[in-house]
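So the chains spell out like this:
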Amino acid sequence: MCGEAASDPLLACVLTGLGVTSLSMSSAAIPHVRAALAAHSLDQCRTAAAAARGADTADQARNAAAAVLHAT
């Protein structure tokens, strides 16, 4: 996955939970994404991805994923 989504720490966790195994981003984003991924287990990322998939809108999906990841 390449682009802005991969460089967003929250979306990187969701993408990982969806099974994406390669993320491409600017070097400035790497520390933030690395910290987010290190802070959450794969199971937590999968739960966040499932919550996002169950939402009706992009904003609801983002909020649902954030709620899962910030609850941990």
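Before reading further, recall that the structure is shown in the block above.
The rules we used
Residues numbered from 1 in each chain as written. Predicted model: local features only at pLDDT ≥ 70, side-chain atom pairs only at ≥ 80, totals over all residues. Heavy atoms only, no water. Salt bridge = Lys/Arg side-chain N within 4 Å of Asp/Glu carboxyl O. Helix = DSSP H or I, 4+ residues; strand = E, 2+ residues; numbered from the N terminus. Buried < 20%, exposed > 50% of the residue type's maximum accessible area, 1.4 Å probe, protein only.

Looking now at the pattern of salt bridges. Within the structure shown, the criterion is met by two salt bridges. For the salt bridge of R62 with D8, the shortest nitrogen-to-oxygen distance reads 2.9 Å. Of the two residues, R62 is situated in helix α5 (residues 58-70) and D8 in the loop between α1 (4-7) and α2 (9-17); the sequence distance between them amounts to 54 residues. Classification of R62 by relative accessible area gives partly exposed; the value is 36%. In this structure, D43 and R46 form a salt bridge, with 3.6 Å as the shortest nitrogen-oxygen distance. Here the residue D43 and the residue R46 both occupy positions in helix α4 (residues 42-53), the gap between them amounting to three residues, near one helical turn. Take D43: its relative accessible area is 53%, and that puts it in the exposed class. By relative accessible area, R46 is classed as partly exposed at 45%.

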